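Residues per chain, in single letters:
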Amino acid sequence: MSQETKTLTPELRAFIEEWKPRPGNLIMVLHRIQQTYGYMPREIVLELADLLEVPLAKIYGVITFYNFFKLKQPGRNLIQVCLGTACYLKGGDDIMKALEHELGVGVNTVTPDGEFSTEAVRCLGCCGLAPVIVINGEVFGKVTKAMLPGILDKFRNK
Amino acid sequence: MEDTKKMIHLEINGIAVEVPEGTTILEAARKVAIRIPTLCHHPDIKAWAACGICVVRNGNSPKLLRACCTEVAEGMHITTHDPDIVQIRKTVVELILSTHPNDCLRCPRSGNCELQRVAAEFGIREVPFPRPAIERIPRDTSTPSIVLEPDKCIKCGRCAIVCQEMQNVWALEFIGRGEKMKIAPAADVPLNDSPCIKCGQCSAHCPVGAIYEKDETSKVWNALRDPERYTAVQIAPAVRVALGEAFGMKPGELSTGKIYTALRRLGFEAVFDTNFSADLTIMEEGTEFVQRFTQGGELPLITSCCPSWTDWMEKYATDFIPNFSTAKSPQQMLGVMAKTYFAEKMGINPASMYVVSIMPCTAKKYEITRSDEMQASGYQDVDVVLTTRELARMIKIAGLDFNNLPESDADSILGEYTGAGTLFGATGGVMEAALRSAYYLITKEELADVNFTQVRGLDGVKEATIDIKGTKVSIAVAHQMGNVEQVLKALREDRAAGRPPRWQFIEVMACRGGCIGGGGQPTLATDEIRKLRMEGLYKDDREKAIRCSHQNPQIHKIYEDFLGAPCSEKAHHLLHTHYTAKPVYAK
């Protein structure tokens, strides 16, 4: 996949400037960056350190502490598989394995065509629908292995 | 101040204790001769309770308190040792040991490892926990100075806190979380590409063998065994008050004469003293200051003997490059003088010379190749740098009974030094030595009292105004990198306001206490130890008949025979250097 060098967009710059004087600014800005790029591009984090006048090490301390922040670019479609207690008991783990088989790559890895990546998440708050997967924010409940190819087709190359 | 504080009364193991408010349980217990074990605690940094072996009980409370960071309260009934508490501590140590490599016999810290000591004190004979499958993390050997060996890390966090809070360098950070957490530079870069300034304070504070100096003793053994090589060695001021610690001597005890003897017995053909070239540095730097001060040049003049400091400045304070003294550090001056003046005088081919420096410093390993100017003799001026710790190991390997060695003198050229030269090893020392000679250079008169006590001691930034026969010189002395920012900030404020700078002369040393607290010194120094080492240097100074660099007869001789005058063209070529902005990733 092409990896052109990224720079902060004017909107992000404005957002950072707005938050710079406020306490707790780092986490807000980091969320916004991940929202924009889907992960934390290294070049962007470097720029951010300069702008906020925060040591780069401090930022990496935060973004490697929280699982929420991703250091690698995810696939175009992000599949989140719930492995919370209810989903796990209802076979969430099997769904994960089946997805890995279907996509040909393991968890936290992008498929060679850049279309998909899978990650494990904890409870999504809809245990009644267990097992649950979420693709690009869209929730799929009571998922079975047989349903997976059809669900993936809804997103592949779309 | 202590006596004005409210006193707190408590009992520790049934013994009544009275301590000032704000004292921790750990400190209070020490007052009544009770030792609570610790692993992450170090007096240089604020206690942060990472390891959990200092737990104690208050009354019958089921919740245990961490003694290192819990302040005493009126009426506490503390139990520090009972079977339950001891078992908890032991379990913590066993858990650490379950992931710690079992290679003590090959570890550079074997014998002075805090984990080893704690395990021995708890009488641990087996580890009841299975060894978890942990991904091995490769060593980081990217810098010329220090090695990170994350597999040995016990995650106490001292190194990162020292790097961030004491040094304000931010090369090391806690990366990741839980069992996968490691201490490493950000953004997956090797340490050498991080903001690291090679000061080695991380290695001096590490309780175990997870960060240590890059060992280069084998290069030196090879040179000593090579009959074609002419081996010469120099020792830095701070080494003489600390090396003895490795042989059971008290911190600060002067062992200069024994070190010279040990170096000769190791096989060095010429034994020099960096204190001599410290005197030479003063002649060059002092002259540079007087020229700038009296003829109008870029002020303040900022000292540049400390390679960690110059590395930092080249990365993060490039606006001060014109302020840096161009005079090389004493180590580099000695190297170039050995391979030019000494070689010429003794009829030795400089190509066959091998110059070794014994330094209290890990950054000096980096300094010897920092620019082409470090080859002013036509060869690499200093071939290799060993830290105090590495020299101690060589002495042990060679079977030298250090404590009982007879004393001897350094070689007479490049070896004789004044009290001013020896001061270079302590914070304020370069300034004091420079002022002693600057006074003479400006007034052509000698000082009645050569002691500038205002610049001594462990205060982070020391300021003084010196009266040189009516001419006022304002100076500042900063040590421990984290204290330097405020000095630079003040100077930038003056600059922005269009004012002349508030100080005309500034000394900076990257390590707390100066070189005596250097990253290559015997590990785990505290302020108590630093003060003793400093006192050792001041004693050396007091006992010298000559205490000003410009009075050193050998210095006169080297200018007469070889260099001409201070800051002459030849001196500039051999003894001065330049600084340039270096790109790095954002700090």
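Residues numbered from 1 in each chain as written. Chains lettered and ligands numbered in written order. Predicted model: local features only at pLDDT ≥ 70, side-chain atom pairs only at ≥ 80, totals over all residues.

(A) Broad picture of the overall build of chain B. Helices and strands together make up the secondary structure of chain B, namely 18 helices and 17 strands. Over its C-alpha trace chain B gives a radius of gyration of 25 Å, about what one expects of a compact globule, namely 25 Å for 587 residues. Considering only C-alpha atoms, chain B reaches an extent of 80 × 60 × 50 Å along its principal axes. Split into buried and exposed, the 587 residues of chain B put 52% on the buried side. Within chain B, residue pairs in contact and separated by at least 24 positions form 74% of the contacts whose partners lie at least 6 positions apart. (Helix = DSSP H or I, 4+ residues; strand = E, 2+ residues; numbered from the N terminus. Rg over C-alpha atoms; globule rule 2.2 N^0.38 Å. Buried ≥ 20, exposed ≤ 12 C-beta atoms within 10 Å, placed from the backbone. Contact = placed C-beta atoms within 7 Å.)

(B) Expanded view of the domain arrangement of chain A. Each assigned domain of chain A is listed here: domain 1 (10-65) and domain 2 (77-155). Relative placement of domain 1 of chain A and domain 2 of chain A: their C-alpha centres are 29 Å apart. (Domains from an automatic or database assignment.)

(C) Expanded view of the interface of chain A and chain B. At the junction of the two partners, chain A supplies 12 residues and chain B supplies 13 residues. Of all the secondary-structure elements, those providing two or more residues to the side of chain A that touches chain B are α3 (42-52) and α4 (56-65) of chain A. With 7 residues, the top contributor of residues to the side of chain A that touches chain B is α4(A). Considered class by class, the residues forming the side of chain A that touches chain B number 7 nonpolar, 2 polar and 3 charged. (Nonpolar A, V, L, I, M, F, W, Y, C, P; charged D, E, K, R; others polar.)

(D) View of the nonpolar core. Within the largest apolar cluster, 184 residues are counted, with the highest numbers of intra-cluster contacts made by Cys159(B), Cys163(B), Ala232(B), Phe272(B) and Ala338(B). Setting aside residues up to four positions removed in sequence, Cys163(B) forms contacts with Val169(B), Trp170(B), Ala171(B), Leu172(B) and Cys202(B). In this structure, Met96(A), Leu103(A), Phe116(A) and Ile133(A) belong to the second largest nonpolar core, which totals 13 residues. (Core = buried A, V, L, I, M, F, W, Y, C linked by C-beta atoms within 7 Å.)

(E) The arrangement of the sheet that holds strand β4 (residues 65-66) of chain B in detail. Residues and elements named next belong to chain B. Reading across the sheet, the 5 strands line up as β2-β1-β5-β3-β4 and stay open at both edges, with mixed pairing between neighbours. Pairing within the sheet leaves two strands with one partner each, and these edge strands are β2 (15-20) and β4. Sheet contacts for helix α2 (residues 83-99): β3 (55-58) and β5 (77-79); angle to β3, the most-contacted strand, approximately 155°. (Pairing = 2+ DSSP bridges. Axes fitted to C-alpha atoms, helices over the stretch in contact; angles between N-to-C directions.)

(F) The domain arrangement of chain B, seen in detail. All names here are of chain B. Looking at the assigned domains, one finds that chain B contains domain 1 (2-94), domain 2 (138-212) and domain 3 (218-575). Computed from C-alpha coordinates alone, the two centres of domain 2 and domain 3 are separated by 27 Å. In this complex, domain 2 contributes 17 residues to the contact, which on the side of domain 3 involves 20 residues. Those elements that provide at least two residues to the side of domain 2 that touches domain 3 are α4 (158-166) and α5 (201-205). A per-element tally of the side of domain 2 that touches domain 3 places α5 first, with 3 residues. Its residues assigned to classes, the side of domain 2 that touches domain 3 shows 8 nonpolar, 7 polar and 2 charged.

(G) Representation of the sheet that holds strand β14 (residues 384-387) of chain B in the model. Residues and elements named next belong to chain B. Pairing in this open sheet of 4 strands is parallel, and the strands run β11-β10-β13-β14 from one edge to the other. Of all the strands in the sheet, the pair left with one neighbour each is β11 (270-273) and β14. Taken pair by pair, the neighbouring strands of this sheet meet at an average axis angle of 25°, ignoring direction. One ladder, built from 6 bridges, connects strand β10 (residues 230-235) with strand β13 (residues 353-359); its direction is parallel. Along β13, the bridge assignment pairs Thr231 with Tyr354.

(H) Examining unusual backbone geometry more closely. Backbone torsion omega between Ala130(A) and Pro131(A) reads -5°, so that peptide bond is classified as cis. Looking at where Pro131(A) falls in the secondary structure, it is placed in the loop between β2 (116-121) and β3 (133-135). The peptide bond linking Leu299(B) to Pro300(B) adopts the cis configuration, its omega dihedral lying at 0°. Secondary-structure assignment places Pro300(B) in the loop between α8 (274-295) and β12 (301-302). Backbone geometry places Lys155(B), a non-glycine residue, at a positive phi of 60°.

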